[in-house]
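Residue-level structural notes
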Number of protein chains: 2
Amino acid sequence: MRISVLLFDGFTMLDAVGGYAVLGWLPGAEVEFVAERKTIVADDLRSGGMAAWRDYSEVESTDILYVPGGPGGRPQMTNEATLAFIRRLHETSTWTFGVCNGVEILAAAGILKGKTVTTNYYARESVASLGAHVVPDRYRRDGKIVTTAGVSAGIDGALYLARLIAGEEIAKTIQLGIEYYPHPPFSYGSADDAPAHIHDIIRAAEGATLEAQMNAKDPRFLQPSL
Amino acid sequence: MRISVLLFDGFTMLDAVGGYAVLGWLPGAEVEFVAERKTIVADDLRSGGMAAWRDYSEVESTDILYVPGGPGGRPQMTNEATLAFIRRLHETSTWTFGVCNGVEILAAAGILKGKTVTTNYYARESVASLGAHVVPDRYRRDGKIVTTAGVSAGIDGALYLARLIAGEEIAKTIQLGIEYYPHPPFSYGSADDAPAHIHDIIRAAEGATLEAQMNAKDPRFLQPSL
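Being a predicted model, the structure only gives us computed values, none of them experimental.

**Things to note about the relation of the copies chain A and chain B**
With an RMSD of 0.0 Å, the fit of chain A onto chain B corresponds to turning through 180° and sliding 0.0 Å along the axis. Considering both components of the superposition, the chain copies are consistent with a two-fold axis. The position closest to the rotation axis in chain A is occupied by the C-alpha of M50 of chain A, lying 2.3 Å away. Of the residues that chain A buries at the interface, 100% are likewise interface residues in chain B, meaning the two copies contact each other through the same surface.

Right under this line is the structure:
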């Protein structure tokens, strides 16, 4: 089972890794990290770099197309190479999996029209404006499309997808493997419960990160061709 | 605030990324990924590679020493270069943070003697035999040492550490930023509740992965010097 995880400049690493940590353990899983160019792809914090060792031209089809989000997702919404890649792979994928505002990129590719999806708290309006019906769930399935809320929700959504693919016993085994019995030290029930001033801080921080990354002149690590 | 995340061949990516996704958003955080050699470090699944863009000799001291685990942690327990690096940084670190069986590496470095810690479910006996008092908690603090249970517990432990460092308001803001309002599709309360036959599957899988990785002749991506 081929799993193709899309990477792009300014992605959020936990968006990609949370679901990878689950789906990568499915029996027969073969995961590849794919980007427009084979290189070390820099994340939103500009400190983390992940190897994209396949480029778009090397992936003709896949079983699971996995699209993470991050502040760098915005420019991908008008990157025709990325949108064409998503459309092409989605056509024959068994599953298409979108995390956080990765769902917004899927929507920009035009494949979510009339679909019921969830997404990052801050991307709900944008995704709806692109023709999807947005619900405030942690994860959501519509046919072969599985979408999740922001960042860490990719773990929950991937466990749900793992159960669809391989059954409850295997999904629970993976849950044990990653010891996913979450117990945060404090919690609101959901993003909807967090007070407005905390939302304001996040919006400002995400804007600042995007700005910083678009202007970054000195990546912390080399970005060689692989 | 300098945060130094250790990487090594066969690490588990979510061990490193879960806490990074939290601590990297602390005000003033400067995260670096450090390994014995500057390269793309391969994870336990052999599909994921992260850039280690500093080597041991380049890090004289740090504010937070962050040690993840993974099947590749075992060989690090007798890698004198890694153990000496940990001892040296721990001496002046403000915090030392161990995730999963990364705690076992800290124990092998001799810095957990008499300390109360938690760790990966399967590393409890080993860590205890190295002189620590092991408790079955999701995360645990003893002085400047914060340890967590397996893999995804690094997220919970990092949120706890974020609150210690920057206060509850900022920690809760980060929790919103990563939308960490977990809701797995099914759950035992903890690893202790999972039935024995599921534990057996994990132990077998982790052994097989370690075996495969130690014999891997063809990494999926190049491992260039950076």
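Read on, since the account is not over.
**As for the sheet that holds strand 11 (residues 145-148) of chain B**
All names here are of chain B. Spatially, 5-2-1-6-7-11-10 is the arrangement adopted by the seven strands of the open sheet, whose pairing is mixed. The open sheet is flanked by strand 5 (54-55) and strand 10 (139-142), the only strands paired with a single partner. Here strand 1 (residues 2-6) runs beside strand 2 (residues 30-35); their pairing, made up of five bridges, is parallel. Counted as the bridge partner of I3 is V31 from strand 2. The sheet strands contacting helix 3 (residues 80-92) are strand 1, strand 6 (64-67) and strand 7 (95-98), and the helix crosses strand 6 at an angle near 145°.

**Points about the packing of helix 6 (residues 153-166) of chain A against helix 7 (residues 168-177) of chain A**
Residue and element names in this part refer to chain A. As a packed pair, helix 6 and helix 7 sit with axes 7 Å apart at the nearest point and diverge in direction by 145°. In this structure, helix 6 meets helix 7 at a crossing whose hand is right-handed. Residue-level inspection shows L159, A162, R163 and A166 of helix 6 in contact with helix 7, the latter providing E168, I170, A171, I174 and Q175. For the contact of helix 6 with helix 7, the residue count by class is six nonpolar, one polar and two charged.

**A short note on helix 1 (residues 13-23) of chain A**
Three- or four-residue spacings in an α-helix give side chains the same orientation, since the helix completes a turn every 3.6 residues. Judged by how many residues are buried, helix 1 of chain A sits mostly within the fold: eleven of eleven residues are covered. The complete set of buried residues in helix 1 of chain A reads M13, L14, D15, A16, V17, G18, G19, Y20, A21, V22 and L23 of chain A.

**Quick look at the sheet that holds strand 7 (residues 95-98) of chain A**
Residue and element names in this part refer to chain A. Across the sheet, which stays open at both edges, the seven strands sit in the order 5-2-1-6-7-11-10 with mixed pairing between neighbours. The open sheet is flanked by strand 5 (54-55) and strand 10 (139-142), the only strands paired with a single partner. Each of strand 1 (2-6), strand 6 (64-67) and strand 7 is contacted by helix 3 (residues 80-92), which is oriented at about 145° to strand 6, the strand it contacts most. Against the sheet, helix 6 engages strand 7, strand 10 and strand 11 (145-148), with an angle of about 150° to strand 11.

**Examining the interface of chain A and chain B**
Taken residue by residue, the interface counts 60 residues in chain A and 60 residues in chain B. Counting residues per element, the ones that place at least two in the side of chain A that touches chain B are helix 1, strand 2 (30-35), strand 4 (49-52), helix 6, helix 7 and helix 8 (196-214) of chain A. Each residue belonging to the side of chain A that touches chain B can be placed in one class, and the counts come to 38 nonpolar, 14 polar and eight charged.

**Quick look at unusual backbone geometry**
A positive phi angle is found at C100 of chain A, which is not glycine, with a value near 60°. Along the chain, the position of C100 of chain A falls in the loop between strand 7 and helix 4 (102-108).

**Concerning the pairing of strand 6 of chain A**
Residue and element names in this part refer to chain A. Of the two faces of strand 6, both are covered, the one formed by I64 and Y66 as well as the one formed by L65 and V67. Pairing of strand 6 with strand 7 involves four bridges; the strand directions are parallel. When the sheet's bridge partners are listed, Y66 is paired in strand 7 with F97.

Rules of the game
- Residues numbered from 1 in each chain as written.
- Chains lettered and ligands numbered in written order.
- Predicted model: local features only at pLDDT ≥ 70, side-chain atom pairs only at ≥ 80, totals over all residues.
- Least-squares fit on C-alpha atoms with pLDDT ≥ 70 in both.
- Contact = placed C-beta atoms within 7 Å.
- Pairing = 2+ DSSP bridges.
- Helix = DSSP H or I, 4+ residues; strand = E, 2+ residues; numbered from the N terminus.
- Axes fitted to C-alpha atoms, helices over the stretch in contact; angles between N-to-C directions.
- Left-handed = near helix turned anticlockwise from the far one by under 90°.
- Nonpolar A, V, L, I, M, F, W, Y, C, P; charged D, E, K, R; others polar.
- Buried ≥ 20, exposed ≤ 12 C-beta atoms within 10 Å, placed from the backbone.

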